[in-house]
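A look at the structure
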Amino acid sequence: MAQFTLVSGSVGLITLQNPPVNALSAATRQGIVDMMNKALNDPEVKSVVVCGQNRIFCGGADIKEFGTKISGPPLIPTIHTIEATNKPVVAAIEGSALGGGLELALGCHYRIAHSKARLGLPEVTLGLLPAIGGSQRLPRLIGVPAAIELITTGRHITAAEALQLGLVDHVTRSSTVDEAIKFAQSVEGKSLDSRRISNYPCPHLPDLDAVFEGVMQEVRQKAHGAIAPIACVQAVRAAATLPYLEGMEIERQLMETLFTSSQARALQYTFFAQRAVSRWSMPSGARWDTSMPKPVHKAAVIGLGTMGRGITVALAQAGLSVVAVETQEKQLKEAKLVVSGILERAAQRRGMAPTLAKITYSHDIRAVADVDLVIEAVFEDEALKEKVFQQLSAVCKPGTFLCTNTSSLDVDHLASLTHNPELVVGMHFFAPAHVMKLLEVVYGSKSSPEALATVMQLGKRMGKVSVAVGNCWGFVGNRMLKPYMEQAFYLLEEGATPELVDQALVEFGFPMGVFRMSDLSGTDVYWKIRKEAEPVGASGQEARVRKGLRYSPLGDLLCEQGRFGQKTGQGWYQYDKPGSRVARPDPWVHNFLEEYRARHGLVARRIDHAEVLERCLYSLINEGFRILEEGIAAGPEDIDMIYVFGYGWPKHRGGPMFYASMVGLAKILERLEHYHRAHPDVPFMQPCSLLRKLVTCGSPPVHKWKDVIKKIHSQL
Ligand SMILES: C[C@H](O)[C@H](C)C(=O)SCCNC(=O)CCNC(=O)[C@H](O)C(C)(C)COP(=O)([O-])OP(=O)([O-])OC[C@H]1O[C@@H](n2cnc3c(N)ncnc32)[C@H](O)[C@@H]1OP(=O)([O-])[O-]
């Protein structure tokens, strides 16, 4: 797990060997301890170079070990030994030096990095803090403000930025290990007094208390309830105010609390789930590892509204040639300006040339004749999309994949209008499409495994977390959102205010509550969808029962007043002016709700945050179980990643299905039964049979649910 070789006569080369990322597993730590002892005790060795096999230094602690009983030696004493020795130790950093990997490098006397290397302390993203001295050494080396920023965000930085910060001593474009060996030899026998970071005083900051108070406030606000960023600030504060060893003790204590927290479990689950969703499967048995994607060099986007523009940017940034089609001249001109502007600003930020030359614009759909893949992103109107799909099927070369960015239409129906339905796949982007990480990839009943593999690979190229799901109304994300939003409306009918519901959800960790979100995206967006799905019927606009089930017309009544949210300056909240972002509670809305309740004989009651969370979240989770039962999502990880990366579900709660497992499935079932008894006309509250089955099976942990689902399907 670590190899020792004597090179150039006097340099002990220690190579970490634990593919794929040389994570610090028990065996690797043992290897480092043994090989370092060997090197430091061997009189022939005058200097040491530490590097990683396969051009990657080290991806940090082995995250797989976290949930288990950890064995093997700790690294802190070895890092102290490295730092204290009189033989120079040089870290040769290629690929990544992350977490414990960077902490090991910080214990070395010198750090040499390849220009393409990435460095960082991403522990916070796993619900932890850098706990092998990183929180104490980094601020001593690069100063408190820069260290706080790196440690609380977990950001990976380039070698160039690391050099600028003083985190590495030298950056090379040639062989890092060879340079490190040469350098190590050049400093053999020289004093290392000025190279031991733990001996450095933390760079002085005037008015330390005020700085930390400000930082803490900012970090708390961004954390949305996550505890690790706060512990990270506390640890850096210890570095800034205490001697090194006392700071190390604070680091240890803070880590002890974080290590066993449910937030750390949720974040570590998310780390693996994010990677697991790329290993997709279809109910037919087709899988990621047996289906070959087709190369996509040239793609087209049809329709250059907000979504089409974002998709064009995402494709161009992924290095593809793009044909962008918009039939309306004015819209086409505007789109060109917006897309170029976004690409130019992004290129400027990265210090690169923009990729404008890769995009050609046209108002004629025939311009897509030679592309490999088309993404239709026209206005969400069934007749219009039907026409576009028929046209595409006629003009595209044979074998072109036809994708739709629809959020609510039937992918199978659109596929049926083409000559080759096996080439049709849904690509549900989230606005803004070049920023949001989630891509729901919707396979229809006829989509070929090759088409799905191609689109999943394209999603990866665009830097998306792509999740393959089956075709149904709303797919996974919006389908689960429906019961959640419905409950929010019912809560208003029963006595809550938009502020109360939103506050409960924000305290849970969402960046904003359902009503604030609805104002932001436009209250009229779902109004249009509702009008099609739930026609008013003979009983009128105010009817609270439709098709025999409970219905809340509150959102519709609000829209009829022209209150479309932020863009009109009024929605569930009031705003200073149209477009303003500052939402304030609106007495008009409170009055509107009181009058509505009075008209319907509803008596307002006190509703607490617990009820808001249970009703909104458990009904959403219940729909998640139905989706799993129907095989629309292959596993709970798929649903969770959709919610974490597309719907603002707090990462430190792992996603709705993981959250359900943490709350306890029996409790979720009991509360759903309770609410269903109280609201028998709300089918979303009726516990799904998969949930019952899982509870009967003793509520297995989330990674075992697939086995239960498989068993149910095999019995059908
Ligand atoms: C004490 C100390 O203070 C503490 C507390 C810590 O140190 S906490 C730990 C801090 N370290 C991290 O947070 C770094 C996490 N890793 C990454 O950011 C990336 O992996 C990468 C290094 C930038 C490479 O990216 P990649 O795109 O080339 O490949 P990949 O697909 O992501 O990963 C390739 C395969 O390696 C697995 N893997 C990656 N890093 C791993 C790790 N640290 N432990 C275990 N497995 C890991 C990953 O699950 C995947 O497996 P599979 O899916 O193939 O089965």
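Rules used throughout
Residues numbered from 1 in each chain as written. Predicted model: local features only at pLDDT ≥ 70, side-chain atom pairs only at ≥ 80, totals over all residues. Heavy atoms only, no water. UniProt positions renumbered as here; feature names shortened; annotations may be inferred. Pairing = 2+ DSSP bridges. Helix = DSSP H or I, 4+ residues; strand = E, 2+ residues; numbered from the N terminus. Axes fitted to C-alpha atoms, helices over the stretch in contact; angles between N-to-C directions. Contact = heavy atoms within 4.5 Å. Near = heavy atom within 4 Å. Polar contact = N/O pair within 3.5 Å; in protein donor to acceptor, adjacent residues only side chain to side chain. Areas by Shrake-Rupley, 256 points an atom, 1.4 Å probe, with all protein chains shown as cover. Nonpolar A, V, L, I, M, F, W, Y, C, P; charged D, E, K, R; others polar. Expected span 1.5 Å × (residues − 1). Buried < 20%, exposed > 50% of the residue type's maximum accessible area, 1.4 Å probe, protein only. Arc of directions from axis to C-beta. Phe/Tyr/Trp six-rings, centres within 6.5 Å; stacked < 30°, edge-to-face > 60°. Lys NZ or Arg CZ within 6 Å of the ring centre and 35° of its normal. Disulfide = S-S within 2.5 Å. Patch = residues over 30% accessible without salt bridge, like charges linked within 9 Å, V, L, I, M, F, W, Y side chains within 5 Å. Salt bridge = Lys/Arg side-chain N within 4 Å of Asp/Glu carboxyl O. Lys, Arg positive; Asp, Glu negative; His and termini not counted. Charge placed at Lys NZ, Arg CZ, Asp CG, Glu CD. Domains from an automatic or database assignment. Core = buried A, V, L, I, M, F, W, Y, C linked by side-chain atoms within 4.5 Å.

- In the nomenclature of an unreviewed UniProt entry, the protein chain corresponds to Peroxisomal bifunctional enzyme from the organism Solea senegalensis.
- If you open the UniProt record of the protein chain and go to Subunit (unreviewed entry), you find "Monomer."

1. Details of the sheet that holds strand 9 (residues 170-172)
- Across the sheet, six strands lie side by side as 1-2-3-4-6-9; this open sheet has mixed pairing. Here the strands that pair on one side only, and so sit at the sheet edges, are strand 1 (2-7) and strand 9. Going across the sheet, the axis of each strand differs from the next one's by a mean of 20°, ignoring polarity.
- As paired elements, strand 2 (residues 11-16) and strand 3 (residues 47-52) share six bridges and run parallel to each other. Bridge assignment links Leu 13 to a residue of strand 3, and that residue is Val 49.
- This element, helix 1 (residues 26-41), spans strand 1, strand 2, strand 3 and strand 4 (89-93) of the sheet and lies at about 20° to strand 1.

2. Things to note about the site of the ligand
- With respect to spatial proximity, 28 residues lie near the ligand, and among them Ala 61, Gly 100, Glu 103, Glu 123 and Arg 275 are the closest.
- A distance of 2.8 Å separates an oxygen atom of the ligand from a polar atom in the backbone of Gly 100.
- Here Glu 103 contributes a side-chain N or O atom positioned 2.6 Å from an oxygen atom of the ligand.
- Within the complex, the protein chains bury 72% of what would otherwise be the 1,000 Å² of accessible surface of the ligand.
- For the shell around the ligand, the leading source of residues is helix 11 (residues 262-276), giving three residues.
- In terms of residue class, the shell around the ligand is made up of 16 nonpolar, six polar and six charged.

3. A word on the sheet that holds strand 8 (residues 157-158)
- Spatial ordering of the open sheet is given by 5-7-8, a layout of three strands whose pairing is mixed. Edge positions in the sheet fall to strand 5 (96-98) and strand 8, since each of these pairs with one other strand and no more.
- Summarising the sheet, strand 5 and strand 7 (residues 118-120) pair through three bridges and their orientation is parallel. When the sheet's bridge partners are listed, Ser 96 is paired in strand 7 with Arg 118.

4. Quick notes on helix 10 (residues 244-259)
- Over its 16 residues, helix 10 runs 22 Å from end to end, which matches the ideal 22 Å to within 8%, given 1.5 Å per residue.
- Those residues of helix 10 not exposed but buried are Tyr 244, Gly 247, Met 248, Glu 251, Leu 254, Met 255 and Leu 258. Projected onto a plane normal to the axis of helix 10, the buried residues spread over an arc of 130° and lie on a single side. When the buried face of helix 10 is taken as reference, the exposed residues oriented beyond 90 degrees from it are Leu 245, Glu 256 and Thr 257.
- In this structure, the buried side of helix 10 is in contact with helix 2 (76-84), helix 4 (134-142), helix 9 (228-241) and helix 11.

5. Here we look at the UniProt feature "domain: 3-hydroxyacyl-CoA dehydrogenase C-terminal" (unreviewed entry) in the protein chain
- Under the UniProt annotation, "domain: 3-hydroxyacyl-CoA dehydrogenase C-terminal" (unreviewed entry) lies at residues 474-575 and 612-699.
- Along residues 612-699 the backbone is 67% helical and 0% strand, and the end-to-end C-alpha distance reaches 24 Å.

6. Looking at the environment of Ala 300
- Positionally, Ala 300 belongs in strand 10 (residues 298-302).
- Of the residues examined, Ala 300 reaches a relative accessible area of 0% and is grouped as buried.
- When the C-alpha positions of Ala 300 and Gln 566 are compared, they lie 32 Å apart, and in sequence the two are 266 residues distant.

7. Digging into the packing of aromatic side chains
- On inspection of all chains with the given rule, the structure shows 18 aromatic pairs.
- Ring geometry for Phe 66 against Phe 259: centres 5.3 Å apart, planes inclined by 75°, an arrangement best described as edge-to-face. In this pair, Phe 66 sits in the loop between strand 3 and helix 2 while Phe 259 sits in helix 10, placing the two residues 193 residues apart along the sequence.
- When its relative accessible area of 26% is taken as the criterion, Phe 259 is described as partly exposed.
- Among the aromatic residues, those joined into a cluster by ring pairs are Tyr 484, Phe 508, Phe 510, Trp 649 and Tyr 659.
- Stacked on the ring of Phe 271, the Lys or Arg Arg 275 has its end atom at 3.7 Å from the ring centre.
- We note Arg 653 situated over the ring of Phe 508; from NZ or CZ to the ring centre the distance is 4.1 Å.

8. Re the state of the cysteines
- Taken as a whole and assessed by the stated rule, the structure comprises zero disulfides.
- In this model Cys 58 remains outside any disulfide bridge; the closest cysteine sulfur is found in Cys 108, 11 Å from its own.
- A residue is classified by how much of its surface remains accessible, and Cys 58, at 0% relative accessible area, is buried.
- The structure places no disulfide on Cys 202, whose sulfur is separated from the nearest cysteine sulfur, that of Cys 232, by 15 Å.
- For Cys 202, a relative accessible area of 17% gives the class buried.

9. Considering a negative patch on the surface
- There is a patch of like negative charges on the surface, built from Asp 381, Glu 382, Asp 410 and Glu 532.
- Residue Asp 410 is classed as partly exposed on the basis of its relative accessible area, which comes to 38%.

10. A closer look at the domain arrangement of the protein chain
- In terms of domain boundaries, the protein chain breaks down into domain 1 (2-260), domain 2 (291-475) and domain 3 (496-599).
- For domain 1 and domain 3, the distance between their C-alpha centroids amounts to 51 Å.

11. Here's the deal with the pattern of salt bridges
- One pass over the structure, following the stated rule, counts 36 salt bridges.
- A salt bridge links Asp 364 to Arg 366; its shortest N-O distance comes to 2.8 Å.
- Asp 364 sits in the partly exposed class, given a relative accessible area of 25%.
- Accessibility expressed as a relative area gives 58% for Arg 366, which makes it exposed.
- Between Glu 614 and Arg 671 there is a salt bridge, and its shortest N-O distance comes to 2.9 Å. Within this pair, whereas Glu 614 is found in helix 23 (residues 609-629), its partner Arg 671 is found in helix 26 (residues 665-678), the two being separated by 57 residues in sequence. The residues Glu 614 and Arg 671 share a single accessibility class, namely buried.
- Three or more residues joined by partner-sharing salt bridges are found here, namely Glu 493, Glu 494, Arg 544, Arg 550, Arg 605, Glu 611 and Arg 615.

12. Concerning the pairing of strand 13 (residues 373-376)
- Of the two faces of strand 13, the one holding Leu 373 and Ile 375 and the one holding Val 374 and Glu 376 are both buried throughout.
- Looking at chain direction, strand 10 and strand 13 are connected through four bridges and run parallel. The residue of strand 13 that forms the bridge with Ala 300 is Val 374.
- Strand direction decides the pairing type here: strand 13 and strand 14 (residues 401-404), joined by four bridges, are parallel.

13. What to know about the nonpolar core
- Ranked by internal contacts, the top residues of the largest apolar core, which has 100 residues, are Tyr 484, Val 501, Trp 572, Leu 617 and Phe 625.
- Per-element tally for this core: the top contributor is helix 23, with 10 residues.
- Lining this core are residues from two domains, each supplying at least three of them: domain 2 (291-475) and domain 3 (496-599).
- If near-sequence neighbours (up to four positions away) are discounted, Val 501 is found in contact with Ala 488, Leu 491, Leu 492, Ala 496, Val 514, Phe 515 and Val 612.

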